[in-house]
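Secondary and tertiary structure notes
Chain by chain, the residues run as shown.
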Amino acid sequence: MGALSGERCDEPSSSALSAPTVEMLEAHLAPYAARSSSSRGRRYPEPPPLARTEFQRDRDRIVHSTAFRRLEYKTQVFVNHEGDLFRTRLTHSLEVAQIARSVARNLRVNEDLVEAISLAHDLGHTPFGHAGQDALNDCMRDYGGFEHNRQSLAVVDELEAHYGAFDGLNLCFETREGILKHCSRETARKLGELGERFLSGKRPSLEAQIANIADEIAYNNHDVDDGLRSGLLTIEQLAGVELWQIQFCEAKRVHPQLDGRRLVHETVRRVINTLIVDLIDTTRANLAEYAPDSLEAVRAAPPLVAHSDIVAAQAAELKRFLFRNLYRHYRVMRMANKARRVITGLFEAFSEDPRLLPPGYIADDPAVQPRLIAHYIAGMTDRYALKEYQRLFLISEN
Ligand code: MG
């Protein structure tokens, strides 16, 4: 036993795992890919990781974070308790990572980086999906607003409390850049190096561009699937949506015996595949045309990760369909209305009397108080927010 624990405490027997492994792991990358070996680095310098790249370390830190586990109980469109099979922010993020990695591997760009960005992109989302974010943004109108992209960055830069040497996860510049999909010019000015591209009109890495479009591919498809599962959408309604209908007819032609949920799955997987293949083909053509020979050349080029014109128009049609028929469905609107009441009620109660807040969220400087309340509320899962609302407003709860 003694010998065993002694062995465990030994220094690693060789450093042969570090530098050569990283080079080996990134040897297949194209010249325009982001490389962890030439990363702009972390806010707090750290020794290089053993046996993995810098971007793998980012991905691992994200997976081990508290905010990542909270995604399991945050709404995508349907509130968590509405059904066990609907997407949550966690399964959404996993689907985004799957799509983004498929595209990245085909284009020989950095899979570890696209995975890190994909898994982190929604860490800052409030409970109750977009309804929650809109309500919190309204509450914060006089205090700098609330935007989930900016909040995802706050989570990885400041709010996670896991490491001894720094607040946040201390991620690489390239991962943080990918998380900050958009921001106002005013915010960009405050963010220094990270905000630069919004002021100079430059692009982020191809990995960030891929994660961004993978997000759209994932939610357009799983919202159709969840919409059908819930009965809020029907197959008949979707007949007018070209992207869907082409694959639906094809699925029925190849598998005439299929119906019900299985036909839906067969169609959805074909639509996802069509979008991924189109994205890879079009981006490959763009890369051939602009021939960027480095990440810096990617930043200076127009957006290179894109769909063909035909598929882009079809995807936009599907998006409009979902907006009209699902996101504005009266049953979704009713839930959104409840979400707004909960978020607004919590914010107002905490603002009126910050002593209702748990320790750690009470500011010494009153000017900072609204932001700390926003951090507290944004970190809540759907059910925690509902419970907290009951605890504050129902006499029988404690
Ligand atoms: Mg998303």
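As the structure is a computational prediction, the values presented were derived from the model and not from experiment. (Residues numbered from 1 in each chain as written. Predicted model: local features only at pLDDT ≥ 70, side-chain atom pairs only at ≥ 80, totals over all residues. Heavy atoms only, no water.)

So, on to the coordination of the magnesium ion. Taken together, His-92 (NE2), His-121 (NE2), Asp-122 (OD) and Asp-215 (OD) make up the protein donors of the magnesium ion, found 2.1 to 2.6 Å from the metal. Along the chain, the residues donating to the magnesium ion fall in the pattern H-x28-H-D-x92-D. Taken together, the residues His-92 in helix α5 (residues 89-107) and His-121 in the loop between α6 (111-120) and α7 (129-139) connect sequence positions 29 residues apart. Taking relative accessible area as the criterion, His-92 reaches 0% and is therefore assigned buried. (Donors = N, O, S within 2.8 Å, 3.2 Å for Na, K, Ca; no water. Helix = DSSP H or I, 4+ residues; strand = E, 2+ residues; numbered from the N terminus. Buried < 20%, exposed > 50% of the residue type's maximum accessible area, 1.4 Å probe, protein only.)

Here we take up the packing of aromatic side chains. A full pass over the atoms with the stated rule returns 8 aromatic pairs. With a centroid separation of 6.4 Å and an interplanar angle of 80°, the aromatic rings of Tyr-376 and Tyr-384 are classed as edge-to-face. The ring of Tyr-163 carries Arg-61 above its face, with NZ or CZ at 4.9 Å from the centroid. Arg-383 extends its terminal NZ or CZ atom over the ring of Tyr-73, reaching a point 4.0 Å from the ring centre. (Phe/Tyr/Trp six-rings, centres within 6.5 Å; stacked < 30°, edge-to-face > 60°. Lys NZ or Arg CZ within 6 Å of the ring centre and 35° of its normal.)

Below, the discussion takes up the pattern of salt bridges. For the structure shown, the criterion picks out 30 salt bridges. We note a salt bridge from Glu-216 to Lys-319, for which the minimum N-O separation is 3.2 Å. Residue Glu-216 is found in helix α12 (residues 206-230), and its partner Lys-319 is found in helix α17 (residues 309-327); the two are separated by 103 residues along the sequence. On the accessibility criterion, Lys-319 (30% relative accessible area) is partly exposed. Put simply, Glu-266 and Arg-270 hold a salt bridge, and the shortest N to O gap is 2.7 Å. Here the residue Glu-266 and the residue Arg-270 both occupy positions in helix α15 (residues 260-290), the gap between them amounting to 4 residues, near one helical turn. Take Glu-266 and Arg-270: they sit in the same class, and that class is buried. Overlapping salt bridges bring together Arg-52, Arg-59, Asp-60, Arg-101, Arg-105, Glu-111 and Glu-115 as one network. (Salt bridge = Lys/Arg side-chain N within 4 Å of Asp/Glu carboxyl O.)

With that settled, consider the state of the cysteines. Should the sulfur atoms of two cysteines be covalently bonded, the bond is a disulfide. Within this structure, the stated rule accounts for 0 disulfides. As a non-bridged cysteine, Cys-172 has Cys-183 as the owner of its nearest cysteine sulfur, 20 Å distant. (Disulfide = S-S within 2.5 Å.)

Here we take up the nonpolar core. The biggest cluster of nonpolar side chains holds 62 residues, and the ones touching the most others in it are Val-109, Leu-206, Ile-210, Trp-244 and Leu-322. If you list the elements that add at least two residues to this core, you get α5, α6, α12, α14 (242-254), α15, α16 (295-300) and α17. Per-element accounting of this core gives the leading share, 11 residues, to α12. For Trp-244, the residues in contact, after removing those within four places along its chain, are Val-224, Leu-228, Ile-235, Leu-238, Val-264, Thr-267, Val-268 and Val-271. In terms of nonpolar packing, the next biggest core, distinct from the first, is built from 23 residues, Phe-68, Leu-71, Val-155 and Leu-194 among them. (Core = buried A, V, L, I, M, F, W, Y, C linked by side-chain atoms within 4.5 Å. Contact = heavy atoms within 4.5 Å.)

Glancing now at the side chain of Glu-174. For Glu-174, the location among the structural elements is in helix α9 (residues 173-179). We note that Glu-174 is buried and unpaired, the nearest opposite charge coming from Arg-299 at a distance of 5.0 Å. In contact with Glu-174, other than residues within four places in its own chain, are Ser-38, Ser-39, Arg-40, Gly-41, Phe-55, Leu-113 and Ile-117. (Lys, Arg positive; Asp, Glu negative; His and termini not counted.)

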